[in-house]
Amino acid sequence: MPVTFKVLPDANLVLTWFRGDVSTAEHIASFKDYARHPLFDGRQHVLLDMADCTLETTYFEDMQRLAYQLKGYYSVRDLSSMTSVFAPGDVAFGMSRMYQSITEGQSPWAFGVFRTRAEAMDFLDIGADSAREAQLLAVWDG
C-alpha cells in the first residue's frame, strides 16, 4: 500500500506514510479513509512522512485538482488542527510547498512543509525529549 496511516489518539495525531509511487487518487483515498476511521477526530493533527515517496509524473498537473477534490475533507477538520509534512527530498518538498501555496486561503488549518523530522514535529508543538515525542518516534520508527 503506498499510503498508510496510524491514528494516535493519545498524541492527538495521525501519522501518515507515503511510500513509493503515490498517485493523486491514492492521496485522496487515504484522507477519505482516515476521515471514516473509528478513531478519527477532526481536531487531530496530521503528520505526513514523504521521506520514502516518489510522486507520479502527473502529480504536478494534478496539484490543483487535488486541492479542489479535498475540499470536502477540509470541512471535517477542526480549525485548530494542523498538518505538518516531512519531505526531505527535493521533489516531494517542492510539490508539498506547491500544494501549500495552492491551498493557502482555502484550507482552514495551519500547514507546514519541512526537511527534517525535528522541524515537522516542532511545528505541531511536539517538544524534543518530551513524552509525546517518544511516543510518536516509537510508532514512526517502529
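In the block above lies the structure referred to throughout.
These lines cover the structure that appears in this document, whether it is placed above or below. Only a predicted model underlies this, so the values are computations on that prediction, with no experimental measurement involved.

**Some thoughts on the pairing of strand 5 (residues 110–114)**
Here is step 1 of the chain: With four of five residues buried, strand 5 lies mostly within the body of the structure.
Here is step 2 of the chain: Inspection of the sheet shows strand 4 (residues 82–86) paired to strand 5 by five bridges, in the parallel sense. Looking across to strand 5, one finds that Phe86 is bridged to Phe114.

**Thoughts on the side chain of Thr16**
Here is step 1 of the chain: Relative to the assigned elements, Thr16 resides in strand 2 (residues 13–22).
Here is step 2 of the chain: Non-local contacts of Thr16, meaning those with residues more than four positions away in its chain, are made with Val3, Thr4, Phe5, Val46, Leu47, Leu48 and Asp49.

**Brief notes about unusual backbone geometry**
Here is step 1 of the chain: With a phi angle near 55°, Asn12 is a residue other than glycine that sits in the positive phi range.
Here is step 2 of the chain: Assignment of secondary structure puts Asn12 in the loop between strand 1 (3–8) and strand 2.
Here is step 3 of the chain: For Asp129, which is not glycine, the phi torsion reads 65° and is therefore positive.
Here is step 4 of the chain: Within the fold, Asp129 resides in the loop between helix 5 (117–123) and helix 6 (131–141).

**Looking at the sheet that holds strand 4**
Here is step 1 of the chain: Taking strand neighbours across the sheet as the criterion, the five strands line up as 1-2-3-4-5 in an open arrangement whose pairing is mixed. In the strand order of this sheet, the two ends are held by strand 1 and strand 5, each with one partner. Strand after strand, the sheet turns through a mean of 15° between neighbouring axes, direction not considered.
Here is step 2 of the chain: Helix 1 (residues 24–36) contacts strand 1, strand 2 and strand 3 (45–55) of the sheet and is inclined by roughly 160° relative to strand 2.
Here is step 3 of the chain: Packed on one face of the sheet, helix 6 meets strand 1, strand 2, strand 3 and strand 4 and runs near 30° to strand 2.

**Things to note about the nonpolar core**
Here is step 1 of the chain: Phe18, Met50, Cys53, Val85, Ala87, Phe111 and Val113 are the most contacted members of the largest nonpolar core, which totals 16 residues.
Here is step 2 of the chain: Elements with a minimum of two residues in this core: strand 2, strand 3, helix 4 (90–103) and strand 5.
Here is step 3 of the chain: Beyond its immediate sequence surroundings of up to four residues, Val113 is in contact with Val85, Ala87, Phe93, Ser96, Arg97 and Gln100.
Here is step 4 of the chain: In terms of nonpolar packing, the next biggest core, distinct from the first, is built from 15 residues, Met82, Phe86, Phe114 and Ala120 among them.

How each quantity is defined
Residues numbered from 1 in each chain as written. Predicted model: local features only at pLDDT ≥ 70, side-chain atom pairs only at ≥ 80, totals over all residues. Heavy atoms only, no water. Buried < 20%, exposed > 50% of the residue type's maximum accessible area, 1.4 Å probe, protein only. Helix = DSSP H or I, 4+ residues; strand = E, 2+ residues; numbered from the N terminus. Pairing = 2+ DSSP bridges. Contact = heavy atoms within 4.5 Å. Axes fitted to C-alpha atoms, helices over the stretch in contact; angles between N-to-C directions. Core = buried A, V, L, I, M, F, W, Y, C linked by side-chain atoms within 4.5 Å.

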